[in-house]
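Descriptive structure summary
For reference, the chains in residue letters:
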Amino acid sequence: MIEMVDVWKTYPNGVMALNGIDVYIEKGEFVYVVGPSGAGKSTFIKCMYREEKPTQGSIIINGTNLAKVKERQIPKVRRKIGVIFQDFKLLPRLTVYENVAFALEVIEESPKVIRERVMEVLDLVKLKNKARMFPDELSGGEQQRVSIARSIVNHPPVVIADEPTGNLDPETAWEIMEIFKEINARGTTVVMATHNKEIVNTITKRVIAIEGGRIVRDEAKGDYGYED
Amino acid sequence: MKIRTLKRHFVEAFKSMGRNGWMSFASISAVTVTLLLVSVFLAILLNINFIASQIEDDVQIRAYIERTEKPERYDAYKQELEKLGKVKTVEYQSKEEGLDELIESLGDEGEAFSSLKNENPLRDAFIIYTEKPQDTAAVAKEVEKFKFVNKVEYGQGTVEKLFKVTDVARNVGIVLVLGLVFTAMFLISNTIKLTIVTRRREIEIMKLVGATNGFIRWPFFIEGFALGVAGAILPIVVISVGYQAIFDIVNQKLGTVFIELLPVTPLIPQLALLMILIGGVIGVWGSLTSVRKFLKI
(Lines give C-alpha, C1' and ligand atoms only; values in the text may rest on other atoms or scores of the structure.)
Protein backbone atom coordinates (compact mmCIF):
# COMPACT_ATOMS: atom_id res chain seq x y z
CA MET A 1 0.00 0.00 0.00
CA ILE A 2 2.63 2.54 1.14
CA GLU A 3 6.26 1.61 0.65
CA MET A 4 9.29 3.82 1.19
CA VAL A 5 12.67 2.50 0.17
CA ASP A 6 15.84 4.34 1.19
CA VAL A 7 14.24 7.78 1.08
CA TRP A 8 16.50 10.78 1.52
CA LYS A 9 15.50 14.41 1.48
CA THR A 10 17.93 17.31 1.56
CA TYR A 11 16.44 20.79 1.22
CA PRO A 12 18.12 23.33 -1.06
CA ASN A 13 19.34 25.20 2.04
CA GLY A 14 21.30 22.12 3.10
CA VAL A 15 18.98 20.85 5.83
CA MET A 16 18.96 17.05 5.75
CA ALA A 17 15.42 16.20 6.78
CA LEU A 18 15.25 12.51 5.89
CA ASN A 19 18.27 10.24 5.97
CA GLY A 20 17.40 6.84 4.60
CA ILE A 21 13.83 5.97 5.51
CA ASP A 22 12.56 2.43 4.90
CA VAL A 23 8.97 1.68 5.80
CA TYR A 24 6.13 -0.51 4.67
CA ILE A 25 2.53 0.21 5.61
CA GLU A 26 -0.13 -2.39 4.88
CA LYS A 27 -3.54 -1.58 3.44
CA GLY A 28 -6.01 -0.76 6.23
CA GLU A 29 -3.33 -0.02 8.83
CA PHE A 30 -3.50 2.85 11.32
CA VAL A 31 -0.08 4.39 11.90
CA TYR A 32 1.05 7.17 14.24
CA VAL A 33 4.16 9.10 13.30
CA VAL A 34 5.78 10.61 16.39
CA GLY A 35 9.01 12.37 17.24
CA PRO A 36 10.36 15.69 18.45
CA SER A 37 9.82 18.89 16.44
CA GLY A 38 12.23 19.26 13.56
CA ALA A 39 12.98 15.52 13.47
CA GLY A 40 11.62 15.11 9.94
CA LYS A 41 8.01 14.14 10.68
CA SER A 42 6.56 16.86 8.51
CA THR A 43 8.89 16.11 5.60
CA PHE A 44 7.99 12.43 5.92
CA ILE A 45 4.29 13.32 5.67
CA LYS A 46 4.81 15.86 2.88
CA CYS A 47 6.65 13.31 0.80
CA MET A 48 3.62 11.03 1.02
CA TYR A 49 1.32 13.43 -0.78
CA ARG A 50 4.09 14.74 -2.98
CA GLU A 51 4.28 18.27 -1.64
CA GLU A 52 7.97 17.50 -1.34
CA LYS A 53 9.92 15.34 -3.75
CA PRO A 54 12.54 13.06 -2.20
CA THR A 55 16.15 13.66 -3.20
CA GLN A 56 16.71 9.94 -3.42
CA GLY A 57 14.78 6.70 -2.97
CA SER A 58 11.29 5.61 -3.97
CA ILE A 59 7.89 6.14 -2.40
CA ILE A 60 5.21 3.86 -3.76
CA ILE A 61 1.61 4.67 -2.86
CA ASN A 62 -1.34 2.93 -4.50
CA GLY A 63 1.11 1.46 -6.99
CA THR A 64 2.57 4.82 -8.11
CA ASN A 65 6.15 5.82 -7.45
CA LEU A 66 5.88 9.40 -6.20
CA ALA A 67 9.58 10.00 -6.69
CA LYS A 68 9.22 9.43 -10.43
CA VAL A 69 5.78 10.86 -11.08
CA LYS A 70 5.67 13.75 -13.55
CA GLU A 71 4.55 17.23 -12.51
CA ARG A 72 1.45 16.88 -14.67
CA GLN A 73 0.44 13.63 -12.97
CA ILE A 74 0.58 14.98 -9.42
CA PRO A 75 -3.11 16.02 -9.29
CA LYS A 76 -4.13 12.47 -10.25
CA VAL A 77 -1.97 11.06 -7.45
CA ARG A 78 -3.39 13.47 -4.88
CA ARG A 79 -6.94 12.45 -5.69
CA LYS A 80 -6.18 9.03 -4.26
CA ILE A 81 -4.77 10.48 -1.06
CA GLY A 82 -6.84 12.40 1.46
CA VAL A 83 -4.84 15.04 3.32
CA ILE A 84 -5.75 16.70 6.63
CA PHE A 85 -3.84 19.59 8.21
CA GLN A 86 -3.43 21.13 11.61
CA ASP A 87 -4.82 24.43 10.29
CA PHE A 88 -7.73 22.78 8.44
CA LYS A 89 -7.03 24.59 5.13
CA LEU A 90 -10.65 25.29 4.32
CA LEU A 91 -11.66 27.80 1.68
CA PRO A 92 -13.02 30.66 3.79
CA ARG A 93 -15.48 31.96 1.22
CA LEU A 94 -17.13 28.62 0.58
CA THR A 95 -19.76 27.02 2.76
CA VAL A 96 -19.21 23.71 4.51
CA TYR A 97 -21.04 21.95 1.72
CA GLU A 98 -19.09 23.75 -1.01
CA ASN A 99 -15.77 23.05 0.67
CA VAL A 100 -16.46 19.34 0.67
CA ALA A 101 -18.00 19.36 -2.81
CA PHE A 102 -14.90 21.11 -4.12
CA ALA A 103 -12.81 17.95 -3.99
CA LEU A 104 -15.35 16.31 -6.29
CA GLU A 105 -15.84 19.26 -8.62
CA VAL A 106 -12.14 19.11 -9.30
CA ILE A 107 -12.50 15.61 -10.72
CA GLU A 108 -15.59 16.67 -12.70
CA GLU A 109 -18.05 14.43 -10.89
CA SER A 110 -21.70 14.78 -11.85
CA PRO A 111 -23.80 17.06 -9.62
CA LYS A 112 -25.95 14.13 -8.60
CA VAL A 113 -23.01 12.09 -7.36
CA ILE A 114 -21.55 15.16 -5.68
CA ARG A 115 -24.74 15.81 -3.74
CA GLU A 116 -25.03 12.21 -2.59
CA ARG A 117 -21.43 11.79 -1.56
CA VAL A 118 -21.16 15.16 0.20
CA MET A 119 -24.26 14.52 2.27
CA GLU A 120 -22.98 11.04 3.03
CA VAL A 121 -19.65 12.24 4.44
CA LEU A 122 -21.22 15.22 6.23
CA ASP A 123 -23.45 12.68 7.92
CA LEU A 124 -20.39 10.66 8.91
CA VAL A 125 -18.73 13.67 10.54
CA LYS A 126 -22.10 14.80 11.97
CA LEU A 127 -22.24 18.16 10.26
CA LYS A 128 -25.24 17.63 8.02
CA ASN A 129 -27.19 20.37 9.81
CA LYS A 130 -24.35 22.91 9.34
CA ALA A 131 -23.84 22.37 5.61
CA ARG A 132 -24.79 25.94 4.74
CA MET A 133 -22.54 27.63 7.26
CA PHE A 134 -19.17 29.20 6.53
CA PRO A 135 -15.94 27.95 8.16
CA ASP A 136 -15.58 31.01 10.42
CA GLU A 137 -19.00 30.30 11.91
CA LEU A 138 -17.81 26.91 13.16
CA SER A 139 -15.71 25.82 16.12
CA GLY A 140 -12.21 24.43 15.56
CA GLY A 141 -13.36 20.85 15.97
CA GLU A 142 -16.17 21.36 13.50
CA GLN A 143 -13.81 22.91 10.98
CA GLN A 144 -11.49 19.94 11.31
CA ARG A 145 -14.44 17.64 10.73
CA VAL A 146 -15.20 19.52 7.52
CA SER A 147 -11.64 19.05 6.36
CA ILE A 148 -11.82 15.34 7.18
CA ALA A 149 -15.05 15.10 5.22
CA ARG A 150 -13.35 16.77 2.29
CA SER A 151 -10.39 14.41 2.47
CA ILE A 152 -12.51 11.25 2.33
CA VAL A 153 -15.32 12.37 0.03
CA ASN A 154 -13.83 10.69 -3.03
CA HIS A 155 -13.05 7.51 -1.12
CA PRO A 156 -9.24 7.59 -1.21
CA PRO A 157 -7.50 4.40 -0.08
CA VAL A 158 -5.10 6.44 2.05
CA VAL A 159 -5.69 9.34 4.46
CA ILE A 160 -2.69 11.33 5.68
CA ALA A 161 -3.10 13.70 8.62
CA ASP A 162 -0.46 16.18 9.80
CA GLU A 163 -1.18 16.92 13.47
CA PRO A 164 -4.95 16.97 13.01
CA THR A 165 -5.59 17.60 16.71
CA GLY A 166 -2.78 20.12 17.19
CA ASN A 167 -5.08 23.14 17.31
CA LEU A 168 -7.90 21.54 19.24
CA ASP A 169 -8.75 21.24 22.93
CA PRO A 170 -8.44 17.71 24.38
CA GLU A 171 -12.14 16.94 24.37
CA THR A 172 -12.54 17.92 20.74
CA ALA A 173 -9.43 15.97 19.86
CA TRP A 174 -11.10 12.80 21.12
CA GLU A 175 -14.13 13.46 18.94
CA ILE A 176 -11.85 13.82 15.95
CA MET A 177 -10.10 10.56 16.82
CA GLU A 178 -13.43 8.78 16.85
CA ILE A 179 -13.91 9.85 13.25
CA PHE A 180 -10.47 8.61 12.28
CA LYS A 181 -11.20 5.28 13.93
CA GLU A 182 -14.43 5.07 11.95
CA ILE A 183 -12.65 5.88 8.68
CA ASN A 184 -10.01 3.27 9.44
CA ALA A 185 -12.66 0.71 10.31
CA ARG A 186 -14.10 1.17 6.82
CA GLY A 187 -10.81 -0.02 5.36
CA THR A 188 -8.93 3.22 4.73
CA THR A 189 -5.23 3.37 5.58
CA VAL A 190 -4.57 6.21 8.05
CA VAL A 191 -1.16 7.80 8.62
CA MET A 192 -1.17 10.45 11.34
CA ALA A 193 1.66 12.61 12.58
CA THR A 194 0.91 13.70 16.12
CA HIS A 195 2.25 15.17 19.34
CA ASN A 196 -0.69 13.99 21.40
CA LYS A 197 0.74 11.55 23.94
CA GLU A 198 -2.57 10.72 25.54
CA ILE A 199 -4.21 9.72 22.29
CA VAL A 200 -1.30 7.58 21.14
CA ASN A 201 -1.16 5.78 24.47
CA THR A 202 -4.92 5.26 24.72
CA ILE A 203 -5.91 4.33 21.18
CA THR A 204 -2.97 1.99 20.69
CA LYS A 205 -1.87 1.47 17.12
CA ARG A 206 1.36 1.04 15.20
CA VAL A 207 3.85 3.80 16.14
CA ILE A 208 6.72 4.98 13.98
CA ALA A 209 9.15 7.31 15.75
CA ILE A 210 11.37 9.58 13.65
CA GLU A 211 14.46 11.29 15.00
CA GLY A 212 17.17 13.01 13.00
CA GLY A 213 15.53 11.96 9.77
CA ARG A 214 15.64 8.23 10.60
CA ILE A 215 13.12 5.75 11.91
CA VAL A 216 14.33 4.97 15.42
CA ARG A 217 11.37 2.86 16.53
CA ASP A 218 8.58 0.97 14.78
CA GLU A 219 6.21 -0.96 17.07
CA ALA A 220 2.95 -2.70 16.19
CA LYS A 221 1.15 -1.74 19.42
CA GLY A 222 3.41 1.07 20.53
CA ASP A 223 3.18 3.97 22.90
CA TYR A 224 4.14 7.62 22.52
CA GLY A 225 7.48 7.19 24.27
CA TYR A 226 8.31 10.86 24.83
CA GLU A 227 7.81 12.95 27.94
CA ASP A 228 5.98 16.15 26.95
CA MET B 1 -13.45 19.53 -20.41
CA LYS B 2 -17.11 19.03 -19.76
CA ILE B 3 -19.62 21.82 -20.47
CA ARG B 4 -20.65 21.65 -16.83
CA THR B 5 -17.09 22.35 -15.77
CA LEU B 6 -16.81 25.28 -18.16
CA LYS B 7 -20.01 26.67 -16.69
CA ARG B 8 -18.52 26.25 -13.23
CA HIS B 9 -15.42 28.18 -14.30
CA PHE B 10 -17.56 31.06 -15.54
CA VAL B 11 -19.62 31.11 -12.37
CA GLU B 12 -16.43 31.01 -10.27
CA ALA B 13 -14.83 33.82 -12.27
CA PHE B 14 -17.80 36.13 -11.86
CA LYS B 15 -18.33 35.22 -8.22
CA SER B 16 -14.72 36.02 -7.52
CA MET B 17 -14.99 39.36 -9.29
CA GLY B 18 -17.92 40.21 -7.07
CA ARG B 19 -16.19 39.09 -3.90
CA ASN B 20 -13.01 40.98 -4.72
CA GLY B 21 -15.11 43.98 -5.67
CA TRP B 22 -12.58 46.70 -4.96
CA MET B 23 -9.74 44.85 -6.59
CA SER B 24 -11.86 44.26 -9.68
CA PHE B 25 -12.71 47.93 -9.69
CA ALA B 26 -9.03 48.84 -9.41
CA SER B 27 -8.11 46.51 -12.28
CA ILE B 28 -10.89 47.83 -14.49
CA SER B 29 -9.88 51.42 -13.69
CA ALA B 30 -6.27 50.72 -14.58
CA VAL B 31 -7.35 49.25 -17.90
CA THR B 32 -9.74 52.12 -18.50
CA VAL B 33 -7.20 54.86 -17.89
CA THR B 34 -4.51 53.33 -20.04
CA LEU B 35 -6.81 52.28 -22.85
CA LEU B 36 -8.28 55.76 -22.86
CA LEU B 37 -4.82 57.20 -23.43
CA VAL B 38 -3.97 54.53 -25.97
CA SER B 39 -7.17 55.10 -27.94
CA VAL B 40 -6.77 58.89 -27.97
CA PHE B 41 -3.17 58.63 -29.08
CA LEU B 42 -4.04 56.03 -31.68
CA ALA B 43 -6.81 58.23 -33.08
CA ILE B 44 -4.38 61.14 -33.27
CA LEU B 45 -1.62 59.01 -34.76
CA LEU B 46 -3.87 57.50 -37.40
CA ASN B 47 -5.12 60.94 -38.35
CA ILE B 48 -1.63 62.39 -38.55
CA ASN B 49 -0.77 59.51 -40.81
CA PHE B 50 -3.88 60.06 -42.88
CA ILE B 51 -3.30 63.78 -43.26
CA ALA B 52 0.35 63.22 -44.01
CA SER B 53 -0.49 60.79 -46.80
CA GLN B 54 -3.02 63.23 -48.22
CA ILE B 55 -0.34 65.87 -48.42
CA GLU B 56 2.20 63.42 -49.70
CA ASP B 57 -0.15 62.16 -52.37
CA ASP B 58 -0.46 65.69 -53.69
CA VAL B 59 3.24 65.76 -54.40
CA GLN B 60 3.79 65.53 -58.14
CA ILE B 61 6.62 66.04 -60.56
CA ARG B 62 6.06 68.46 -63.42
CA ALA B 63 8.37 67.84 -66.32
CA TYR B 64 8.12 70.70 -68.82
CA ILE B 65 8.80 69.78 -72.41
CA GLU B 66 11.21 71.72 -74.59
CA ARG B 67 9.32 74.04 -76.94
CA THR B 68 11.36 72.66 -79.87
CA GLU B 69 9.93 69.15 -79.46
CA LYS B 70 7.19 68.08 -81.83
CA PRO B 71 3.86 66.99 -80.30
CA GLU B 72 3.87 63.84 -82.51
CA ARG B 73 6.69 62.45 -80.41
CA TYR B 74 4.97 63.08 -77.06
CA ASP B 75 3.49 59.59 -76.90
CA ALA B 76 6.91 58.00 -77.22
CA TYR B 77 8.28 60.31 -74.50
CA LYS B 78 5.42 59.45 -72.23
CA GLN B 79 6.21 55.77 -72.65
CA GLU B 80 9.85 56.42 -71.87
CA LEU B 81 8.89 58.14 -68.64
CA GLU B 82 6.52 55.33 -67.70
CA LYS B 83 9.37 52.87 -68.08
CA LEU B 84 11.32 54.56 -65.30
CA GLY B 85 11.27 52.64 -62.05
CA LYS B 86 9.09 53.81 -59.13
CA VAL B 87 6.77 55.75 -61.45
CA LYS B 88 3.07 55.20 -60.89
CA THR B 89 1.37 57.35 -63.55
CA VAL B 90 2.35 59.82 -66.21
CA GLU B 91 -0.20 62.29 -67.48
CA TYR B 92 0.17 64.69 -70.31
CA GLN B 93 -0.94 68.26 -69.77
CA SER B 94 -0.90 70.69 -72.65
CA LYS B 95 0.08 74.27 -72.00
CA GLU B 96 -3.53 75.36 -72.52
CA GLU B 97 -4.73 73.00 -69.83
CA GLY B 98 -1.88 74.14 -67.61
CA LEU B 99 -2.96 77.74 -67.97
CA ASP B 100 -6.60 76.90 -67.29
CA GLU B 101 -5.59 75.09 -64.15
CA LEU B 102 -3.47 78.01 -63.02
CA ILE B 103 -6.26 80.49 -63.61
CA GLU B 104 -8.74 78.33 -61.80
CA SER B 105 -6.45 77.80 -58.83
CA LEU B 106 -6.02 81.52 -58.38
CA GLY B 107 -9.73 82.14 -58.28
CA ASP B 108 -10.88 85.69 -58.97
CA GLU B 109 -7.39 86.99 -59.33
CA GLY B 110 -6.74 84.41 -62.00
CA GLU B 111 -8.95 86.37 -64.37
CA ALA B 112 -6.02 88.68 -64.91
CA PHE B 113 -4.21 85.93 -66.68
CA SER B 114 -7.03 85.23 -69.09
CA SER B 115 -5.49 87.65 -71.52
CA LEU B 116 -2.48 85.38 -71.78
CA LYS B 117 -4.49 82.73 -73.54
CA ASN B 118 -3.36 83.95 -76.92
CA GLU B 119 0.32 84.10 -76.11
CA ASN B 120 0.59 81.27 -73.55
CA PRO B 121 3.93 81.53 -71.69
CA LEU B 122 3.69 78.01 -70.34
CA ARG B 123 5.04 74.80 -71.78
CA ASP B 124 3.44 71.45 -72.40
CA ALA B 125 4.19 69.15 -69.49
CA PHE B 126 4.09 65.64 -68.17
CA ILE B 127 2.75 65.23 -64.66
CA ILE B 128 4.37 62.30 -62.94
CA TYR B 129 3.22 60.58 -59.78
CA THR B 130 5.61 58.18 -58.08
CA GLU B 131 4.66 54.89 -56.44
CA LYS B 132 5.89 56.14 -53.10
CA PRO B 133 5.84 59.88 -52.42
CA GLN B 134 9.24 59.56 -50.78
CA ASP B 135 10.78 58.65 -54.15
CA THR B 136 9.84 61.99 -55.67
CA ALA B 137 13.28 63.60 -55.51
CA ALA B 138 15.08 60.57 -56.93
CA VAL B 139 12.62 60.16 -59.79
CA ALA B 140 12.75 63.88 -60.53
CA LYS B 141 16.50 63.60 -60.97
CA GLU B 142 16.06 60.79 -63.48
CA VAL B 143 13.43 62.72 -65.40
CA GLU B 144 15.70 65.73 -65.64
CA LYS B 145 18.19 63.72 -67.68
CA PHE B 146 15.91 63.33 -70.68
CA LYS B 147 16.72 65.66 -73.54
CA PHE B 148 13.11 66.58 -74.22
CA VAL B 149 12.70 67.82 -70.70
CA ASN B 150 13.31 71.51 -70.24
CA LYS B 151 12.73 71.83 -66.54
CA VAL B 152 11.52 69.72 -63.62
CA GLU B 153 9.44 71.06 -60.79
CA TYR B 154 8.35 69.17 -57.68
CA GLY B 155 8.57 71.73 -54.92
CA GLN B 156 12.27 71.13 -54.33
CA GLY B 157 13.27 71.69 -50.72
CA THR B 158 9.72 71.91 -49.44
CA VAL B 159 8.97 68.31 -50.30
CA GLU B 160 12.02 67.02 -48.42
CA LYS B 161 11.03 69.02 -45.36
CA LEU B 162 7.47 67.78 -45.57
CA PHE B 163 8.59 64.18 -45.62
CA LYS B 164 10.88 64.74 -42.68
CA VAL B 165 8.02 66.21 -40.67
CA THR B 166 5.57 63.45 -41.52
CA ASP B 167 8.12 60.73 -40.79
CA VAL B 168 8.96 62.21 -37.40
CA ALA B 169 5.28 62.57 -36.56
CA ARG B 170 4.66 58.93 -37.44
CA ASN B 171 7.61 57.58 -35.48
CA VAL B 172 6.88 59.64 -32.39
CA GLY B 173 3.27 58.45 -32.51
CA ILE B 174 4.24 54.80 -32.81
CA VAL B 175 6.71 55.06 -29.93
CA LEU B 176 4.10 56.76 -27.76
CA VAL B 177 1.44 54.16 -28.46
CA LEU B 178 3.80 51.25 -27.89
CA GLY B 179 5.05 52.85 -24.67
CA LEU B 180 1.49 53.26 -23.48
CA VAL B 181 0.57 49.68 -24.28
CA PHE B 182 3.54 48.42 -22.29
CA THR B 183 2.70 50.71 -19.39
CA ALA B 184 -0.83 49.36 -19.52
CA MET B 185 0.38 45.77 -19.46
CA PHE B 186 2.61 46.47 -16.48
CA LEU B 187 -0.05 48.39 -14.56
CA ILE B 188 -2.80 45.89 -15.16
CA SER B 189 -0.78 42.78 -14.49
CA ASN B 190 0.34 44.35 -11.25
CA THR B 191 -3.18 45.10 -10.14
CA ILE B 192 -4.34 41.64 -11.05
CA LYS B 193 -1.34 40.21 -9.26
CA LEU B 194 -2.57 41.89 -6.09
CA THR B 195 -5.97 40.26 -6.37
CA ILE B 196 -4.33 36.89 -6.89
CA VAL B 197 -1.88 37.15 -4.01
CA THR B 198 -4.85 37.41 -1.68
CA ARG B 199 -6.08 34.17 -3.19
CA ARG B 200 -2.81 32.30 -2.98
CA ARG B 201 -4.13 30.17 -0.13
CA GLU B 202 -7.12 29.26 -2.19
CA ILE B 203 -4.89 28.06 -5.01
CA GLU B 204 -2.76 26.07 -2.60
CA ILE B 205 -5.81 24.25 -1.27
CA MET B 206 -7.10 23.58 -4.77
CA LYS B 207 -3.81 21.92 -5.61
CA LEU B 208 -3.86 19.83 -2.46
CA VAL B 209 -7.25 18.33 -3.23
CA GLY B 210 -5.97 17.35 -6.66
CA ALA B 211 -7.03 20.17 -8.97
CA THR B 212 -5.00 20.33 -12.17
CA ASN B 213 -3.26 23.56 -13.09
CA GLY B 214 -5.63 23.97 -16.00
CA PHE B 215 -8.63 23.64 -13.73
CA ILE B 216 -7.27 26.33 -11.43
CA ARG B 217 -6.27 28.61 -14.27
CA TRP B 218 -9.57 28.68 -16.12
CA PRO B 219 -11.51 30.97 -13.78
CA PHE B 220 -8.52 33.31 -13.62
CA PHE B 221 -8.32 33.29 -17.40
CA ILE B 222 -12.00 34.20 -17.71
CA GLU B 223 -11.75 36.79 -14.96
CA GLY B 224 -8.71 38.46 -16.52
CA PHE B 225 -10.41 38.60 -19.89
CA ALA B 226 -13.63 39.99 -18.42
CA LEU B 227 -11.78 42.66 -16.43
CA GLY B 228 -9.78 43.70 -19.48
CA VAL B 229 -12.83 43.91 -21.71
CA ALA B 230 -14.83 45.74 -19.05
CA GLY B 231 -12.00 48.26 -18.86
CA ALA B 232 -12.30 48.85 -22.60
CA ILE B 233 -15.94 49.95 -22.44
CA LEU B 234 -15.49 53.48 -21.16
CA PRO B 235 -12.61 54.32 -23.52
CA ILE B 236 -14.69 53.10 -26.44
CA VAL B 237 -17.66 55.27 -25.43
CA VAL B 238 -15.45 58.32 -24.87
CA ILE B 239 -13.55 57.94 -28.12
CA SER B 240 -16.74 57.33 -30.13
CA VAL B 241 -18.55 60.37 -28.80
CA GLY B 242 -15.44 62.55 -28.72
CA TYR B 243 -14.23 61.68 -32.18
CA GLN B 244 -17.65 62.19 -33.73
CA ALA B 245 -17.80 65.66 -32.17
CA ILE B 246 -14.29 66.63 -33.30
CA PHE B 247 -14.92 65.20 -36.74
CA ASP B 248 -18.06 67.31 -37.14
CA ILE B 249 -16.32 70.50 -36.02
CA VAL B 250 -13.30 69.97 -38.26
CA ASN B 251 -15.44 69.09 -41.25
CA GLN B 252 -17.74 72.08 -40.87
CA LYS B 253 -15.17 74.72 -40.14
CA LEU B 254 -11.90 73.55 -41.59
CA GLY B 255 -12.61 70.55 -43.77
CA THR B 256 -13.04 72.38 -47.02
CA VAL B 257 -9.97 74.53 -46.44
CA PHE B 258 -7.11 72.15 -45.99
CA ILE B 259 -7.47 69.10 -43.80
CA GLU B 260 -9.73 66.14 -43.77
CA LEU B 261 -9.97 63.64 -40.88
CA LEU B 262 -10.41 59.90 -41.14
CA PRO B 263 -14.11 59.09 -41.49
CA VAL B 264 -15.84 57.95 -38.29
CA THR B 265 -17.27 54.70 -39.57
CA PRO B 266 -14.30 52.52 -40.29
CA LEU B 267 -12.06 54.20 -37.71
CA ILE B 268 -14.17 53.97 -34.56
CA PRO B 269 -15.37 50.37 -34.94
CA GLN B 270 -11.81 49.36 -35.71
CA LEU B 271 -10.48 51.23 -32.69
CA ALA B 272 -13.22 49.72 -30.51
CA LEU B 273 -12.32 46.23 -31.64
CA LEU B 274 -8.66 46.93 -31.01
CA MET B 275 -9.37 48.25 -27.52
CA ILE B 276 -11.40 45.16 -26.63
CA LEU B 277 -8.60 43.01 -28.00
CA ILE B 278 -5.84 44.86 -26.13
CA GLY B 279 -7.90 44.90 -22.92
CA GLY B 280 -8.69 41.22 -23.16
CA VAL B 281 -5.16 40.17 -24.02
CA ILE B 282 -3.63 42.32 -21.27
CA GLY B 283 -6.15 41.04 -18.72
CA VAL B 284 -5.55 37.41 -19.59
CA TRP B 285 -1.80 37.88 -19.74
CA GLY B 286 -1.76 39.67 -16.40
CA SER B 287 -3.82 37.12 -14.56
CA LEU B 288 -2.13 34.07 -16.04
CA THR B 289 1.40 35.28 -15.39
CA SER B 290 0.43 36.05 -11.82
CA VAL B 291 -1.31 32.77 -11.14
CA ARG B 292 1.57 30.80 -12.60
CA LYS B 293 3.77 31.68 -9.65
CA PHE B 294 1.43 30.04 -7.16
CA LEU B 295 0.85 26.88 -9.11
CA LYS B 296 4.16 25.33 -8.15
CA ILE B 297 2.99 23.61 -4.99
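Model, not experiment: these values are computed from the prediction.

A look at the confidence of the model for chain A
Residue-level pLDDT values for chain A average 93, and 100% of them are 70 or greater. Of all secondary-structure elements in chain A, the lowest mean pLDDT belongs to helix H2 (residues 74-78) of chain A, at 90, while strand E8 (residues 189-193) of chain A reaches the highest, 96.

A look at the domain arrangement of chain B
By the assigned domains, chain B splits into domain 1 (3-55 + 161-294) and domain 2 (65-154). The straight-line distance from the C-alpha centre of domain 1 of chain B to that of domain 2 of chain B is 50 Å.

Some remarks on helix H6 (residues 170-185) of chain A
Residue and element names in this part refer to chain A. Over its 16 residues, H6 extends 22 Å from the first C-alpha to the last, a length consistent with the 22 Å expected when each residue adds 1.5 Å. Taken together, the buried positions of H6 are Ala173, Ile176, Phe180 and Ile183. Taken end-on, H6 shows its buried residues confined to a sector of 70°, consistent with a single buried face. Residues of H6 that are exposed and angled more than 90 degrees away from the buried face: Glu171 and Ala185.

Quick look at the pairing of strand E9 (residues 206-211) of chain A
Each regular strand displays side chains that alternate between the two surfaces of the sheet. Residues and elements named next belong to chain A. Here strand E3 (residues 30-34) runs beside E9; their pairing, made up of 4 bridges, is parallel. Across the sheet, Val34 pairs through a bridge with Ala209, a residue of E9. Pairing analysis gives 5 bridges linking E9 to strand E10 (residues 214-219), with the strands arranged antiparallel. For Glu211, the partnering residue across the bridge sits in E10 and is Arg214.

So, the domain arrangement of chain A
All names here are of chain A. Entries for chain A in the domain assignment read domain 1 (1-80 + 157-228) and domain 2 (91-155). A C-alpha centroid distance of 24 Å is found between domain 1 and domain 2. Listed as interface residues are 12 residues of domain 1 and, on the opposing side, 11 residues of domain 2. No other element matches the 6 residues that H6 contributes to the side of domain 1 that touches domain 2.

Parameters at a glance
- Residues numbered from 1 in each chain as written.
- Chains lettered and ligands numbered in written order.
- Predicted model: local features only at pLDDT ≥ 70, side-chain atom pairs only at ≥ 80, totals over all residues.
- pLDDT = per-residue confidence, 0-100.
- Helix = DSSP H or I, 4+ residues; strand = E, 2+ residues; numbered from the N terminus.
- Domains from an automatic or database assignment.
- Expected span 1.5 Å × (residues − 1).
- Buried ≥ 20, exposed ≤ 12 C-beta atoms within 10 Å, placed from the backbone.
- Arc of directions from axis to C-beta.
- Pairing = 2+ DSSP bridges.
- Contact = placed C-beta atoms within 7 Å.

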